[in-house]
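Descriptive structure summary
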Amino acid sequence: MTIMTSLSPRATAAPESGIVEVVNYARGREGLIPLWVGEGDLPTPDFVSRAAADALMVGETFYTWQRGIPPLREALVRYYQRRFQKALSPENFYVTGSGMQAIKLAIEAVGSPGDEVVLLTPAWPNFAAAADLSGVRPVAVPLQFEGGKWRLDLLQAAIGERTRALFINTPSNPTGWTATREDLKAILALAREHGLWIIADEIYALYYYPDGRAPSFLDVMEEDDRILFVNSFSKNWSMTGWRVGWIVAPPAMGQVLENLIQYSTSGVAQFMQRGAVAALDEGDGFVEENIAKAKRNRDTLCDALIATNRVETLKPDGALYAFLKIDGVTDSRAAALDIVDRTGVGLAPGTAFGEGGALFMRACFLRDPLQIAEAAERLQRYILSR
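Bear in mind that the values here come from a model prediction, so they are computed numbers and not experimental data.

Bringing the packing of aromatic side chains into the picture now. Across all of its chains, the model carries 15 aromatic pairs by this definition. Between Tyr79 and Phe84, the ring centres sit 6.2 Å apart and the planes meet at 65 degrees, which makes this aromatic pair edge-to-face. Classification of Tyr79 by relative accessible area gives buried; the value is 2%. Consider the rings of Phe127 and Phe167, whose centres lie 3.6 Å apart with planes at 15 degrees: the pair is stacked. Of this pair, Phe127 sits in helix α6 (residues 125-133) while Phe167 sits in strand β7 (residues 163-169), and the two are 40 residues apart along the sequence. Neither residue differs from the other here; Phe127 and Phe167 are each classed as buried. Following the ring pairs from residue to residue traces out a cluster consisting of Tyr79, Tyr80, Phe84, Phe93, Phe233, Trp237 and Trp246. Cation over ring: Arg73 sits above Tyr94, and NZ or CZ is 5.8 Å from the ring centre.

See the structure below:
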């Protein structure tokens, strides 16, 4: 028996990220415009970093509350009242070591090995991989539209005896698809009918370009509905490297979620949580600037791609991504490698996003507007030269 054959099959089956593969291929090249990962190019704002640094310097380096420090959970209450017009309690909030960990813990809280979770695809690949690692089978339902409306019946058809949850990411990474309030009511009715949990990934809720924030399950749910909200500080406040997130859950689950946190990370560093408090309480202006920049960049990039008449894409209503299909591209992984070689623009291959994504590529447009304009020109030249 070799080292590799002696490992857990679940561990060895975990896939390499198709996004990271392209990043590692071209990382550090001169003149590179990296649009491949889901983050902006601004560092964390000073008021957030300063709050964390001050806490670090006064010695907030010990074990702390597993559920999150009280000031952060109270700041989350204020945030949801302000942004979602929803009165929640500190007992609804659980601080996690990233949005990714929030997703993993949500899966483990509601699913057991052999169970299934249904998700809409194309989707951020980490969810399906996290489910697999927990022994929960992800069941993909490719987004399909008819008469301008997405096919709810396909979601219903995927529900089986082993289904325990629906994973709903809206606004969507990578497509930008954003559920309407009526869509959310229909999904919730389906979950109620079958006794299912909803794992609601609303990380991009503030990046909604028609107006205000995107519709949320918080707008349509009742107190006893089975919904876990997973979220992150990464996108709104330029904190991707901090790895701090949260779960919104029924207070009755408190001890369960605390235990899951205890046996995975034993909690998030207190000084980092101080920075998160500052982000919530002082960061609205920074977030609004990011959203305005993203909207301008969306228009710049998508208009340039559409003008070639050789690209299938839409201006997304939400999130941070253009999801595009170039005429003649049949292998988006190979195309992503070719594009970064020939143009210096880094895109994520659609093969990384599951069913329905293989012919597409994703570009994150939350960057300096001058870089987005330059990337648009380079991609135009590449597309028109094919």
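What follows concerns the sheet that holds strand β12 (residues 321-326). Spatially, the four strands line up as an open sheet ordered β11-β12-β15-β14, and their pairing is antiparallel. The open sheet has two edge strands with one neighbour each: β11 (311-312) and β14 (348-349). With two bridges connecting them, β11 and β12 associate as antiparallel partners. Looking across to β12, one finds that Glu312 is bridged to Lys325.

Turning our attention to the nonpolar core. Counting 108 residues, the largest nonpolar core has Tyr80, Phe217 and Phe233 as its most contacted members. The dominant element in this core, judged by the number of residues it contributes, is helix α11 (residues 284-307), at eight residues. Counting residues in each nonpolar core, the second largest holds 25 residues, with Val136, Ala165, Trp197 and Val230 among its members.

Structurally, Thr178 can be placed in the loop between β7 and α8 (181-194). Here Gly176 takes part through its backbone oxygen, which lies 3.1 Å from a polar atom of the side chain of Thr178.

This brings us to the sheet that holds strand β2 (residues 93-96). In a beta sheet, neighbouring strands pair by backbone hydrogen bonds and run either parallel or antiparallel. One open sheet holds the seven strands; their spatial order is β2-β10-β9-β8-β7-β3-β4, and the pairing between them is mixed. Looking at strand neighbours, the two that pair on one side only are β2 and β4 (137-142), the edges of this open sheet. Put simply, the sheet's adjacent strands are angled 25 degrees from each other on average, direction ignored. Of the strand pairs in this sheet, strand β3 (residues 116-121) and β4 are connected by six bridges, and their pairing is parallel. Across the sheet, Glu116 pairs through a bridge with Arg137, a residue of β4. Strand contacts of helix α5 (residues 99-110): β2, β7, β8 (197-201), β9 (227-232) and β10 (245-248), with the helix running at about 160 degrees to β9, the strand carrying the most contacts.

As a further point, take the environment of Gly31. Here Gly31 is to be found in the loop between α2 (18-26) and β1 (33-34). A relative accessible area of 45% places Gly31 in the partly exposed class. C-alpha of Gly31 to C-alpha of Pro43: the two residues are twelve residues apart in sequence and 20 Å apart in space. Residues within four places of Gly31 in sequence aside, it is in contact with Gly344 and Arg378.

How each quantity is defined
Residues numbered from 1 in each chain as written. Predicted model: local features only at pLDDT ≥ 70, side-chain atom pairs only at ≥ 80, totals over all residues. Heavy atoms only, no water. Phe/Tyr/Trp six-rings, centres within 6.5 Å; stacked < 30°, edge-to-face > 60°. Buried < 20%, exposed > 50% of the residue type's maximum accessible area, 1.4 Å probe, protein only. Helix = DSSP H or I, 4+ residues; strand = E, 2+ residues; numbered from the N terminus. Lys NZ or Arg CZ within 6 Å of the ring centre and 35° of its normal. Pairing = 2+ DSSP bridges. Core = buried A, V, L, I, M, F, W, Y, C linked by side-chain atoms within 4.5 Å. Polar contact = N/O pair within 3.5 Å; in protein donor to acceptor, adjacent residues only side chain to side chain. Axes fitted to C-alpha atoms, helices over the stretch in contact; angles between N-to-C directions. Contact = heavy atoms within 4.5 Å.

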